[in-house]
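Each chain, letter by letter, is given below.
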Amino acid sequence: MAGYTNAPTRTMALRFGASVVYTEMAGVEGLVHEHSDLTWQLLETLPEERGRAIAHLYGRDPGHFARAAERIAATGRFTGIDINAGCPVPKVTACGAGSALMREPALVREIVAAASAASGLPVSVKTRLGFHPGNVTAFDILHAAEDGGAAALSIHGRYKSQGHAGPVDLALVARVRAAASIPVFGNGGVNDAATASRYAAETGVAALLVGQASIGHPWVFREIREGRSFGPGDSHSSYLALDEIRRAWIAHLDAELAFAELIASKYPSSAPKPPPEEIAAIRFRVHLFRYGAGLRGTSYMRGRMSSLHTRADCVRALDGCLECERRFRARRGPPQPGGLAS
Ligand SMILES: Cc1cc2nc3c(=O)[nH]c(=O)nc-3n(C[C@H](O)[C@H](O)[C@H](O)COP(=O)(O)O)c2cc1C
């Protein structure tokens, strides 16, 4: 997910039970033409991702896909390449990429074939059901992906018109899966163990992709693997012991730090830049906010967000937030029946 799934976030997902992780979306133009450092930085990984990371790309020119795919394979960092044919963001669709590809199955076939041949890596396509109900493109994209030699299709069970929210049409995902000769992965609205098990049971997909529910809550992967659901009315992290929350937050913060140092050493810049520790703290602010969702200290953190410049600043804010939650829990008493014990 653009803006979120950088290497530290992906590493946390893996630690909590994800099988594979996808990079943020990188434009093939930036990878081949401009040699844009910023685009290549999106494809940097941390050591724990080795063998479990897939490069997620957007674009529309098969030649550019081929050259980018070859270079991606040469990094040795990725087990596969995923092609975006579903992103609704105007910046992406305006250049004929993302969901604009949903009306060009022949081009999708060409892109898949070009990326596969040039990289030798398994190539998948991620798409949506269609543009809107009554305009279903998923079957055309499935067959184009198959013809191009794709290893899998990921289907977000919503229409472009829905953006990233709203009901997911599991019956239609099941029909796409039934029509496929390659594995189909299901996505959309997989938020916990209950929605995951329903998605799998009603569609028969080979794997599930978790998006928004994993941001600020990497525990979701473990919950899905273990089939554990929350009690009614419980918010995501409120069942977790405070020391487990703290350990995860600090692990994520330290991964941000390691990643900022890796970027600084691989991409030295003549322009003045904040030191890696400050870059890590700024990146971590986004996650801190999401990690705090459902905990009583969120407003405590919100007020301090812009003053977090170092690891120590971040740890102080985390501890302040957790102290608010600890006091709330002490007043509330033990978790209610139905919730998960901490
Ligand atoms: C902030 C944000 C960024 C996203 N970026 C991408 C992206 O770069 N590529 C992509 O295929 N999907 C992207 N998505 C869509 C998600 O991958 C996913 O398909 C969608 O959120 C539905 O799954 P979910 O209900 O589990 O979140 C993004 C979604 C959000 C909210």
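Right above here is the structure, for reference.
Residues numbered from 1 in each chain as written. Predicted model: local features only at pLDDT ≥ 70, side-chain atom pairs only at ≥ 80, totals over all residues. Heavy atoms only, no water.

Some points on the overall build of the chain
Secondary structure assignment for the chain yields 14 helices and nine strands. Against the 2.2 N^0.38 benchmark of 20 Å for 342 residues, the chain shows a C-alpha radius of gyration of 21 Å, consistent with a compact globule. Overall, the chain is about 60 × 55 × 30 Å in size when its C-alpha atoms are taken along their principal axes. Burial statistics for the chain: of 342 residues in total, 52% are counted as buried. Here the analysis covers contacts within the chain between residues at least 6 apart in sequence; of these, 69% occur between residues at least 24 apart. Carbon and sulfur atoms provide 55% of the accessible area of the chain, an area that totals close to 14600 Å². Across the chain, the 38 positively charged side chains and the 32 negatively charged ones have centroids separated by 5 Å. (Helix = DSSP H or I, 4+ residues; strand = E, 2+ residues; numbered from the N terminus. Rg over C-alpha atoms; globule rule 2.2 N^0.38 Å. Buried < 20%, exposed > 50% of the residue type's maximum accessible area, 1.4 Å probe, protein only. Contact = heavy atoms within 4.5 Å. Areas by Shrake-Rupley, 256 points an atom, 1.4 Å probe, with all protein chains shown as cover. Lys, Arg positive; Asp, Glu negative; His and termini not counted. Charge placed at Lys NZ, Arg CZ, Asp CG, Glu CD.)

Details of the site of the ligand
Not every one of the 15 residues close to the ligand is listed here, only the nearest: H56, K126, N187, G189 and Q212. Taking H156, its side chain carries an N or O atom lying 3.4 Å from an oxygen atom of the ligand. For the ligand, an oxygen atom lies 3.2 Å from a polar atom in the side chain of R158. Calculation on the ligand without its partners gives an accessible area of 610 Å², and the protein chains cover 85% of this total. A per-class count over the shell around the ligand returns four nonpolar, nine polar and two charged. (Near = heavy atom within 4 Å. Polar contact = N/O pair within 3.5 Å; in protein donor to acceptor, adjacent residues only side chain to side chain. Nonpolar A, V, L, I, M, F, W, Y, C, P; charged D, E, K, R; others polar.)

Side note on the pattern of salt bridges
If you walk through the whole model with that rule in mind, you get 16 salt bridges. In this structure, the salt-bridge partner of E244 is R222, at a minimum N-O distance of 2.8 Å. Of this pair, E244 sits in helix α11 (residues 242–266) while R222 sits in helix α10 (residues 219–226); the two residues are 22 residues apart in sequence, bridging distant segments of the chain. According to the relative accessible area criterion, E244 is buried, its value standing at 18%. According to the relative accessible area criterion, R222 is partly exposed, its value standing at 22%. Residues E323 and R327 are paired through a salt bridge, measuring 3.4 Å at the closest nitrogen-oxygen approach. Taken together, the residues E323 and R327, both in helix α14 (residues 311–332) and four residues apart, mark about one turn of the helix. (Salt bridge = Lys/Arg side-chain N within 4 Å of Asp/Glu carboxyl O.)

Comments concerning the nonpolar core
One recurring pattern in soluble globular proteins is that nonpolar side chains are buried together. L43, L57, I72 and L153 are the most contacted members of the largest nonpolar core, which totals 60 residues. Two domains each put at least three residues into this core: domain 1 (7–229) and domain 2 (238–328). Filtering out sequence-adjacent residues up to four positions away, L57 remains in contact with M25, A26, V28, L31, L43, F65, I72, I81, D82, I83 and N84. By size, the runner-up hydrophobic cluster in this structure holds 25 residues, among which are I245, F284, C314 and L322. (Core = buried A, V, L, I, M, F, W, Y, C linked by side-chain atoms within 4.5 Å. Domains from an automatic or database assignment.)

A word on helix α12 (residues 276–291)
Relative to the 22 Å expected for 16 residues at 1.5 Å per residue, α12 spans 22 Å between its end C-alpha atoms, a close match to the ideal helical length. The largest bend in α12 is about 35 degrees, located at R285. Here α12 has its buried residues at A280, A281, F284, R285, H287, L288 and Y291. Tucked into the core, α12 has its buried residues touching α1 (7–15), α10, α11, α13 (298–302) and α14. (Expected span 1.5 Å × (residues − 1). Bend = angle between axes of the 7 residues up to and from the residue.)

Things to note about helix α9 (residues 193–203)
Along α9, the positions that sit buried rather than exposed are A193, A196, Y199 and T203. Along the long axis of α9, the arc covered by the buried residues comes to 130 degrees, so they all point the same way. Of the surrounding secondary structure, the elements contacted by the buried residues of α9 are β7 (152–159), α8 (170–179), β8 (184–187), β9 (207–209) and α10. By the N-cap criterion, in which a side-chain oxygen at the helix start approaches the backbone nitrogen of a residue two or three places on, α9 is capped by D192, the distance to A194 being 3.3 Å. (Arc of directions from axis to C-beta.)

Digging into the packing of aromatic side chains
Considering all chains together, one arrives at four aromatic pairs under this definition. On the numbers, 5.2 Å between centres and 55 degrees between planes, the contact of F16 with W219 is tilted. Taken together, the positions of F16 in the loop between α1 and β1 (21–22) and W219 in helix α10 put the pair 203 residues apart, joining distant regions of the chain. For the pair F16 and W219, a shared accessibility class is recorded, and that class is buried. For the ring pair W249 and Y291, a centre distance of 6.0 Å and an interplane angle of 55 degrees mean the geometry is tilted. Taken together, the residues W249 in helix α11 and Y291 in helix α12 connect sequence positions 42 residues apart. Geometry around F328 places R296 over its ring, the cationic atom sitting 3.7 Å from the centre. (Phe/Tyr/Trp six-rings, centres within 6.5 Å; stacked < 30°, edge-to-face > 60°. Lys NZ or Arg CZ within 6 Å of the ring centre and 35° of its normal.)

A closer look at the packing of α1 against α11
Interaxial distance between α1 and α11 falls to 8 Å at its minimum, and their mutual angle equals 140 degrees. Compared by their axis directions, α1 and α11 come out oblique. Judged by the sense of rotation from one axis to the other, the crossing of α1 with α11 is right-handed. Two secondary-structure elements touch here, α1 through A7, P8, T9, M12 and R15 and α11 through A248, A251, H252, A255, E256 and F259. Within the contact of α1 with α11, the residues separate by chemical class into seven nonpolar, two polar and two charged. (Axes fitted to C-alpha atoms, helices over the stretch in contact; angles between N-to-C directions. Parallel < 35°, antiparallel > 145°, perpendicular 65-115°, else oblique. Left-handed = near helix turned anticlockwise from the far one by under 90°.)

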